[in-house]
Amino acid sequence: MRYGLLGGIYAPLGRASVVMVAVTLAFASPLWQAEPASASIPDPVARICTTAPTAAAATADYYNIRMSPTGRAPGAVGYVTKTFAQSPFGVAVSVDGRYVYDVHLAVDGLRGPPNVEYTVWVAPPNLSPIIRLGVLNEEFEIEGQVGLNKFIMFVTAEQPGSWDPANADRPGNAWSGPILMQGISRSGMMHAASGHGPFEVENC
Amino acid sequence: MPHTFDVTRLFALALAAIVGTVAPADAQSPPADGRIEQGTANVELVSHIPLGQAFSVGDIEIEQEISRPYVYVSRWLLGGVDIIDVSKPESSQIIYRWRIENAELHRGSGGTDGKYFKLNDRYYYAQGLQFQQGGPDADLGAVVFDVTGLPDPEAVREVGRIRDASSPGGFHNLFAYKHSSGRVLLFATVNGDHANIYDMQLFLDGAPNSGLIAQLPVPTNPCPGAGMSHTYHDFYIAFDAETGQDKAYAASQPVGTYVFDVTRPEEPELIKSVACVPGVTRDHTFAVSPDHKYGIAEGHLRYSPIRMFDMESDDATGMITRPIGAWTADWKKHAHNFEMRWPYVFVANYMEGLQVFNMMDPENPYTVASFDTYDQPDNIAYGGGASFFTEVANGAMGLDVRNKDGLIIVSDFTTGFWAFRLDGFQGWNGNDWGMPNISTVQDWDNGPEGAKPATVF
């Protein structure tokens, strides 16, 4: 099922109301749009929960993503700055109604073998579809766009030339190398209340 | 005898003084005589296998037939299970590992608890899993394996997955129960105001909803001001030979333990409650004696002892509100899971390791054995100890007892797998103690002792 910009309330409002809301959004966009954020690497041991999003800059940081290393890449750190893609309406939305973000990932501390491609992937929580964002450049950075609401970003080590676009549609993993780093969009931390049991360490 | 200047001893004393000065108040310290007794003399350490990173070890389960010497260790955080061969307990070894695919992308506790069961002459193991929303498999509660072919690891086969999208967050605890009707039921705690009951034959047959036949509701807490009980944490389910009922003892959180008649599991009926107990603000684990006369409860809250209840002391409203006894290994901490083998209670007592107490007189329980499986400082706890219910959560977290020969196995959050024997405990059968032979151990072939055979039309 596809949803419009305003999801379930789109249909009852009618076209005129939607236009009015769109105009309102356009005027309000400076307040909504995240400020450019630094791509510097934050303290990797800083807890997400200690972030105090009181100022605009802090709010932007709040929606950025800290990439954590898996056991295969100890010491690696990464940081994703996430802003709305350029749009005349301030908030960029894809044709199927999903927010579109510009993302910039900067990584430090990957010490794998020299002949691998550090490949960056994004996927919604259920891992379908899996989208190949690209390969980290020589500065261990990458830029791209993500058109997902809740998503996971992760980095794998791939053999050069091993990527076959046909893999994107086959069942199972589109990647073949080990997962080195992963991070989750802040929206991914929004849970249904029924999933908040007392047994787990919660996200703040 | 003339005194000599013992430099080594002097240095040791000086070092001890320095350490004693700078160590945090709650850190462990060696005894004054320098001798470290890891356990009481009546406990024999049989095996120990470290299992890697701290807090990657969950609950533990042992098959009960000597001919099937397999132990299942849930892998917390890693999202899986290790199977250990204890055919020669002194040289136990891991023979099989399973991990959820793309484990690095999953979030949450991972493998928390698992139970085995036997059905139609085949053996199965259900691994309970908990993954948070935001990552994959938040709706996955358990993965079920056919383990009949062990010890051949190639013969282990996944037969299905139990999912519950209505209560994301997975299953925290499982209880596999051979019902008096002959059915094999799997009770599962979910992140919701109920527990799920699955008929595992229906599950294996591919029934809709994985064979879900009923839900055990969390009742309204009868104690004013106690707060709403909103989910179950753990169960004990057993047949009561005297009343002819299958009974489920379900500990809810934050507080309240409820006793249901599940003789007709599709229509669970609340019998009584253990609630409004002074000083109890949290319920975690519950069990009863084989005759269902005495209950024991653990609250997973610092400073809380294990409490004993007279299960026939309920008032006119069906509430039991006063314990009759209590036991603790260390009043500054608390216990975790336990297994009753009347009159003994085997306790995974977190930082105090394995503890065994005797409750033949429930008003005066006493410690009979212990072995410290945890050797880190006491200020390292689950999740940094930040939560009020995890302040001292580290160390022995699960255990099980093989009734045939009394082998005791323990899973420790940090130090891994342990196996022990207790002097004078070569096995357990309730009949030897004047009780029904009822415990967490199921008679998969014959059903619970005292139950009438299922009527066959």
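Since we're looking at a predicted model, the values are computed, not measured.

Asker: Go over the overall build of chain A, please, and point to the residues and values.
Answerer: From N to C terminus, chain A includes two helices and eight strands. Residues classed as buried in chain A amount to 38% of the 204 residues present. If you take every contact in chain A between residues at least 6 apart in sequence, the share linking residues at least 24 apart comes to 63%. Looking at chain A as shown, the accessible area adds up to about 11400 Å², and 57% of this sits on carbon and sulfur atoms.

Asker: Please provide a residue-by-residue account of the overall build of chain B, values included.
Answerer: Helix and strand counts for chain B stand at two helices and 29 strands. Rg of the C-alpha trace for chain B: 22 Å, near the compact-globule value of 23 Å for 457 residues, within the 12% margin. Considering only C-alpha atoms, chain B reaches an extent of 90 × 55 × 45 Å along its principal axes. Residue pairs at least 24 apart in sequence account for 54% of intrachain contacts in chain B once pairs closer than 6 positions are excluded. Carbon and sulfur atoms form 52% of the exposed surface of chain B, whose accessible area is close to 18300 Å².

Asker: Now, about the pattern of salt bridges: what can you tell me, with residues and values included?
Answerer: All names here are of chain B. Counted by the stated rule, this structure contains 29 salt bridges over all chains. For Glu158, the salt bridge identified is with Arg161, shortest N-O distance 2.7 Å. Among the charged side chains, a network of salt bridges with common partners joins Arg75, Asp82, Arg97 and Arg99.

Asker: Please provide a residue-by-residue account of the interface of chain A and chain B, values included.
Answerer: Across the contact, 24 residues belong to chain A and 28 residues belong to chain B. The junction of chain A with chain B conceals about 2100 Å² of combined surface from both sides, 54% of it contributed by carbon and sulfur atoms. At the boundary of chain A with chain B, the tally comes to one salt bridge. Close ionic contact of Glu104 of chain B with Arg72 of chain A constitutes a salt bridge, the shortest N to O distance being 3.5 Å. Counting across the chain A and chain B interface gives one residue pair in polar contact (both at pLDDT 80 or more).

Asker: Give a detailed account of the packing of aromatic side chains, specifying residues and quantitative values.
Answerer: Going through the model one piece at a time under the given rule, you end up with 34 aromatic pairs over all chains. Plain terms: the ring middles of Trp76 of chain B and Phe413 of chain B are 5.5 Å apart, the flat faces sit at 85° to each other, and that makes the pair edge-to-face. Of this pair, Trp76 of chain B sits in the loop between strand E3 (70-75) and strand E4 (80-85) while Phe413 of chain B sits in the loop between strand E28 (408-412) and strand E29 (416-422), and the two are 337 residues apart along the sequence. Plain terms: the ring middles of Tyr294 of chain B and Trp342 of chain B are 6.2 Å apart, the flat faces sit at 5° to each other, and that makes the pair stacked. Taken together, the residues Tyr294 of chain B in strand E19 (residues 294-298) and Trp342 of chain B in the loop between strand E23 (338-341) and strand E24 (344-348) connect sequence positions 48 residues apart. Pairwise contacts between aromatic rings join Phe55, Trp76, Tyr350, Tyr382 and Phe413 of chain B into one cluster. Its end group placed over the ring of Tyr62 of chain A, Arg186 of chain A keeps NZ or CZ at 3.8 Å from the ring centre. Over the face of the ring belonging to Tyr123 of chain B we find Arg68 of chain B, whose NZ or CZ atom lies 4.0 Å from the ring centre.

Asker: So what's going on with the nonpolar core? Residues and values would help.
Answerer: If you look at soluble globular proteins, the nonpolar side chains tend to sit buried side by side. All names here are of chain B. The biggest cluster of nonpolar side chains holds 66 residues, and the ones touching the most others in it are Phe187, Leu216, Ile296, Ile306, Met311 and Phe346. For this core, the element with the highest residue contribution is strand E14 (residues 231-240), accounting for six residues. For Phe187, the contacting residues outside a window of four places in its chain are Asn173, Leu174, Phe175, Tyr177, Asn196, Ile197, Phe235, Ile237, Ala248 and Val262. If you look at the next biggest cluster of nonpolar residues, it comprises 37 residues, including Ile83, Trp98, Phe117 and Ala188.

Asker: Please set out the side chain of His172 of chain B residue by residue, giving values where relevant.
Answerer: Positionally, His172 of chain B belongs in the loop between strand E9 (157-163) and strand E10 (174-178). Within polar-contact distance, the side chain of His172 of chain B engages the side chain of His233 of chain B at 3.1 Å.

Asker: Describe the sheet that holds strand E16 (residues 257-261) of chain B, naming the residues involved and giving the relevant values.
Answerer: All names here are of chain B. Strand order in the open sheet formed by five strands is E14-E15-E16-E17-E21, with mixed pairing between adjacent strands. The sheet is open, and its two borders are formed by E14 and strand E21 (319-320), each paired with just one other strand. By the bridge criterion, five bridges tie strand E15 (residues 245-253) to E16 in an arrangement that is antiparallel. Among the inter-strand pairings, Ala250 is bridged to a residue of E16, identified as Tyr258.

Asker: So what's going on with the sheet that holds strand E13 (residues 212-217) of chain B? Which residues, and what values?
Answerer: All names here are of chain B. Across the sheet, four strands lie side by side as E10-E11-E12-E13; this open sheet has antiparallel pairing. A strand with exactly one partner marks an edge of an open sheet, and here the two such strands are E10 and E13. With strand direction ignored, the average angle separating the axes of adjacent strands in the sheet is 25°. Inspection of the sheet shows strand E12 (residues 194-199) paired to E13 by five bridges, in the antiparallel sense. Across the sheet, residue His194 finds its bridge partner in E13, namely Pro217.

Asker: Could you give me a rundown of unusual backbone geometry, with the residues and numbers involved?
Answerer: With an omega dihedral of 5°, the bond running from Ser128 of chain A to Pro129 of chain A counts as a cis peptide bond. Locating Pro129 of chain A in the fold gives a position in the loop between strand E4 (117-123) and strand E5 (131-135). With omega at 15°, the peptide bond leading from Leu150 of chain B into Pro151 of chain B counts as cis. For Pro151 of chain B, the position within the fold is in the loop between strand E8 (140-146) and E9. Non-glycine residue Leu77 of chain B carries a positive phi angle of around 65°. Along the chain, the position of Leu77 of chain B falls in the loop between E3 and E4. On the basis of relative accessibility, which here comes to 37%, the residue Leu77 of chain B falls in the partly exposed class.

Asker: Outline the confidence of the model for chain A, listing residues and values.
Answerer: Scored by pLDDT, chain A has a mean of 73; 65% of the residues are at 70 or more. Ignoring residues within four places in sequence, the model shows residues 200-204 of chain A, a span with pLDDT below 50, making 17 contacts including any to other chains.

Here is what the cut-offs are and how they apply
- Residues numbered from 1 in each chain as written.
- Chains lettered and ligands numbered in written order.
- Predicted model: local features only at pLDDT ≥ 70, side-chain atom pairs only at ≥ 80, totals over all residues.
- Heavy atoms only, no water.
- Helix = DSSP H or I, 4+ residues; strand = E, 2+ residues; numbered from the N terminus.
- Buried < 20%, exposed > 50% of the residue type's maximum accessible area, 1.4 Å probe, protein only.
- Contact = heavy atoms within 4.5 Å.
- Areas by Shrake-Rupley, 256 points an atom, 1.4 Å probe, with all protein chains shown as cover.
- Rg over C-alpha atoms; globule rule 2.2 N^0.38 Å.
- Salt bridge = Lys/Arg side-chain N within 4 Å of Asp/Glu carboxyl O.
- Buried area = accessible area lost by both parts, 1.4 Å probe.
- Polar contact = N/O pair within 3.5 Å; in protein donor to acceptor, adjacent residues only side chain to side chain.
- Phe/Tyr/Trp six-rings, centres within 6.5 Å; stacked < 30°, edge-to-face > 60°.
- Lys NZ or Arg CZ within 6 Å of the ring centre and 35° of its normal.
- Core = buried A, V, L, I, M, F, W, Y, C linked by side-chain atoms within 4.5 Å.
- Pairing = 2+ DSSP bridges.
- Axes fitted to C-alpha atoms, helices over the stretch in contact; angles between N-to-C directions.
- pLDDT = per-residue confidence, 0-100.

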